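Summary of structural features
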Amino acid sequence: MSVQVVSAAAAAKVPDVELKDLSPSEAEPQLGLSTAAVGAMAPPAGGGDPQIQFADQKQEFNKRPTKIGRRSLSRSISQSSTDSYSSAASYTDSSDDETSPRDKQQKNSKGSSDFCVKNIKQAEFGRREIEIAEQEMPALMALRKRAQGEKPLAGAKIVGCTHITAQTAVLMETLGALGAQCRWAACNIYSTLNEVAAALAESGFPVFAWKGESEDDFWWCIDRCVNVEGWQPNMILDDGGDLTHWIYKKYPNMFKKIKGIVEESVTGVHRLYQLSKAGKLCVPAMNVNDSVTKQKFDNLYCCRESILDGLKRTTDMMFGGKQVVVCGYGEVGKGCCAALKAMGSIVYVTEIDPICALQACMDGFRLVKLNEVIRQVDIVITCTGNKNVVTREHLDRMKNSCIVCNMGHSNTEIDVASLRTPELTWERVRSQVDHVIWPDGKRIILLAEGRLLNLSCSTVPTFVLSITATTQALALIELYNAPEGRYKQDVYLLPKKMDEYVASLHLPTFDAHLTELTDEQAKYLGLNKNGPFKPNYYRY
């Protein structure tokens, strides 16, 4: 079985961007997992220079910043997850202790203090949430049961930077059950569930994350995961590319022992392609984002449900008859549009890609330029992965009480920085909801300061995250156990067989029964009866 390779040459369409500004923001075939998760994969061509240089940007962690200092307008490293213009406490319930976790001395019941969470005493509540999530994550639980005896990740030291939720906790505990040691930080300053982080810390996982981190806190947490005496990672699991970027910048020698990177976001994959194009990707990388199971299920079906949840929780609005413009008609945009249309909203779409644009038209949506409808729409939703999709000019022209939010990975799609001017007044309405008021009294409703709406303001369906998490686990197993030389310093797509295996693990939940090919049918189609059933170029 061959693996589809995305080489530096294939990334030729990626725009040239200086590496110091990389952010664009957004099977079991047979479970012989110790040698390979999904069977033999053909080695790709390609290589890269292990040397990389970033602009020298010093970051001091020894000096604790003042509260005002945490409102820094600095964009010193990456805009992916950290641009913050308000205090760390602003998105924490007023009843919470406002003392920074970095100022607290906490220990779990085993006496360990190798973690930094909001409140370790919340661990019991977090454990209950994790147990609920386990019921909706059948594939991970099956993988944990089937591979636990073999320990395919024995000796793996995984450093991760993802959203820290109950679903992530199930993934981390599965990796631990398969033999891995893990250290974890959050990829988004608002998406961490404090009680879940506490439960993980109580279980012995070094977790450094809490809801409402400042920019300085964000990078400090990542550094605490990476820079620890007597422990060095040999695998990276990233969501957005900030962890990979930090190691490249601060600890490039670590890549001598790192076997591979698994990346799950559009933003992070884009950054990996930039490194590959420049010949500066030091290790093999798996592009989980473009796997079929991630694109179709996490991006499409997950956003189809979570967009409504996020908007309802923050605004209590009714969708029927509302005019909505969705910027971008990729898988995330498709999910958002389908949900809003089903609720009776009038939906417009903006798009740069003629193929996606034609899909939007054929699905019954009117394709427009943002300028054409910006004065009349009630809701603006961005999901492009680009920057400055909604500019200050657009914001100035919006109608009173227009809701503005982002469903992309990072907060560069809406030009929030342009709203931090003396003539505009910011008024906190509730957690994650701000009124931005113009001198004439007009106001817009900005959600999560332009960050990822669903994970900042609500939750996402656990079952869908089970699909993505299982794909991540199998990609880690494959890269960690691959013989030397199978993978070069390049970016790879997951093999079709692995996607099919992940899907098959979730079918029993629906009491679904797959039809099996006869020998005659398999011969007629030129297929193996056990798959893969589609060529790599097939579009689902």
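Quick summary incoming for the structure in this document. Counting restarts for each chain, with residues numbered from 1 along the sequence as it is written. pLDDT decides what is reported in this predicted model: residues at 70 or higher carry local features, side-chain atom pairs at 80 or more are listed and counted, and totals for whole chains, interfaces and linings draw on all residues regardless. The side-chain figures draw on all heavy atoms in the structure; neither hydrogens nor water molecules are used.

Before going further, it helps to examine the pattern of salt bridges. Salt bridges are defined as contacts in which a side-chain nitrogen from Lys or Arg sits within 4 Å of a carboxyl oxygen from Asp or Glu. Applying the stated criterion across every chain yields a total of 20 salt bridges. Close ionic contact of D216 with R102 constitutes a salt bridge, the shortest N to O distance being 2.6 Å. Here D216, found in helix α5 (residues 215-226), pairs with R102, found in the loop between β1 (5-6) and α1 (123-135); they are 114 residues apart in sequence, far enough to count as distant. An identical accessibility class is assigned to D216 and R102; each is buried. Taking the shortest distance from any N to any O, the salt bridge between E427 and R443 comes out at 3.3 Å. In this pair, E427 sits in strand β13 (residues 425-430) while R443 sits in strand β15 (residues 443-447), placing the two residues 16 residues apart along the sequence. Exposure categories follow from relative accessible area, calculated using a 1.4 Å probe and restricted to protein chains: below 20% of the type maximum is buried, above 50% is exposed, and the middle band is partly exposed. Judged by its relative accessible area of 35%, E427 falls in the partly exposed class. When salt bridges that share partners are traced, they join R102, D216 and D217 into one network. Runs of H or I in DSSP of at least four residues are treated as helices and runs of E of at least two as strands, each being numbered from the N terminus.

As a further point, take the sheet that holds strand β10 (residues 366-367). Note: two strands are recorded as paired if DSSP finds a minimum of 2 bridges between them. What the 8 strands build is an open sheet, ordered β10-β9-β8-β11-β12-β15-β14-β13; its pairing is mixed. At either margin of the open sheet sits one strand with a lone partner, and together these are β10 and β13. Pairing analysis gives 5 bridges linking β13 to strand β14 (residues 433-437), with the strands arranged antiparallel. Looking at the pairing, R428 lines up with D434 of β14.

A word on helix α7 (residues 266-277). One fewer than the residue count of a helix, multiplied by 1.5 Å, yields its expected span. For α7, built from 12 residues, the straight-helix expectation of 16 Å at 1.5 Å per residue is met to within 8% by its first-to-last C-alpha distance of 16 Å. Positive backbone phi, at 70°, marks G279, one or two positions downstream of α7.

In a regular helix each residue adds 1.5 Å, so 12 residues correspond to 16 Å; helix α3 (residues 166-177) covers 16 Å between its end C-alpha atoms and thus fits that length. Counting buried residues in α3 gives 11 out of 12 residues, a clear majority hidden from the surface. For α3, every residue scored as buried is listed here: A166, Q167, T168, A169, V170, L171, M172, E173, T174, L175 and A177.

Moving on, we come to the nonpolar core. Here, nonpolar core refers to any group of buried Ala, Val, Leu, Ile, Met, Phe, Trp, Tyr and Cys residues whose side-chain atoms link them within 4.5 Å. If you look at the biggest cluster of nonpolar residues, it comprises 59 residues, and the most contacted ones within it are L153, I158, L175, W184 and V207. Sorting the residues of this core by element identifies α1, α2 (138-147), α3, β3 (181-186), α4 (194-202), β5 (235-238), α14 (462-481) and α15 (496-506) as the ones contributing at least two each. Of the residues forming this core, the biggest block, 10 residues, is contributed by α14. Formed by 35 residues, the second largest nonpolar core is a distinct cluster that contains V159, F208, V226 and C282.

Our focus in this paragraph is the pairing of β5. Burial along β5 is two-sided: M235 and L237 and I236 and D238, pointing in opposite directions, are all buried. In terms of strand pairing, strand β2 (residues 157-162) meets β5 through 4 bridges, oriented parallel. Within the sheet, the bridge partner assigned to G160 lies in β5 and is L237. With 4 bridges connecting them, β5 and strand β6 (residues 260-263) associate as parallel partners. What sits directly across from I236, in β6, is I261.

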